[in-house]
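Each chain, written out:
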Amino acid sequence: MIQIRPVSDLRNKFTDIEDVVKTGQPVYLTKNGYGSMVVLSLDAYSRLTNDVEYALDAADRQAKQTDVRYTHEEMFSKLRGATNG
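Throughout what follows, the structure given in this document is the object of discussion. Every value quoted in this text rests on a predicted model; they were computed, and no experiment measured them.

All right, on to the overall build of the protein chain then. Looking only at helices and strands, the protein chain features four helices and three strands. Against the globule reference of 12 Å for 85 residues, the protein chain gives a C-alpha radius of gyration of 20 Å, more extended than a compact globule. Considering only C-alpha atoms, the protein chain reaches an extent of 55 × 25 × 20 Å along its principal axes. Scored against the burial criterion, the 85 residues of the protein chain give a buried share of 15%. Taking contacts inside the protein chain between residues at least 6 apart in sequence as the whole, the part at least 24 apart equals 21%. Summed over all atoms, the accessible surface of the protein chain reaches about 7,300 Å², with 54% contributed by carbon and sulfur.

Ile17, Val20, Val21, Val27, Leu29 and Val39 form the largest nonpolar core, which has six residues in total. Mapped onto this core, the elements with two or more residues apiece are α2 (14–22) and β2 (27–31). Looking at this core, the element that brings in the most residues is α2, giving three residues. Apart from residues no more than four positions distant in its own chain, valine 39 is found in contact with Leu10, Ile17, Val21, Gln25, Pro26, Val27 and Leu29.

Thresholds applied
Think of each chain on its own: its residues are numbered from 1, step by step along the sequence as written. Given that this is a predicted model, residues contribute local features only at a pLDDT of at least 70 and side-chain atom pairs are listed and counted only at 80 or more, while totals for whole chains, interfaces and linings are drawn from all residues. The side-chain numbers reported here are obtained from all heavy atoms of the structure, hydrogens and water having been left aside. Secondary structure elements are taken from DSSP: a helix is a run of H or I of four residues or more, a strand is a run of E of two residues or more, and numbering for both begins at the N terminus. All radius of gyration figures rest on C-alpha atoms, and the globule criterion is 2.2 Å times the number of residues raised to 0.38. With a 1.4 Å probe rolled over the protein chains alone, any residue whose accessible area is under 20% of its type maximum counts as buried; one over 50% counts as exposed, and the rest are partly exposed. Any two residues having at least one pair of non-hydrogen atoms within 4.5 Å are treated as being in contact. Method for areas: the Shrake-Rupley scheme with a 1.4 Å probe, in which residue coverage is limited to the protein chains shown. By convention a nonpolar core is built from buried Ala, Val, Leu, Ile, Met, Phe, Trp, Tyr and Cys residues, the set being connected through side-chain atoms within 4.5 Å.

Here it is, written out as structure tokens:
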């Protein structure tokens, strides 16, 4: 079940929030009725970012092997071409 709580619960009911995130579920915090932040366990955050970190490491290794560089316009054009067929 999605957990949405006021940001004041982070201070006042930290243990309850901690118990939820330990299960791997995020807790969405609101401030004045609007979304403010998401609390995740370290494990959940790592699962979320591992693929990105791996891709950035691979890109760094590739960049060390060549002097070819692309502008952001060139790169986005290549990506659009690849995704749009």
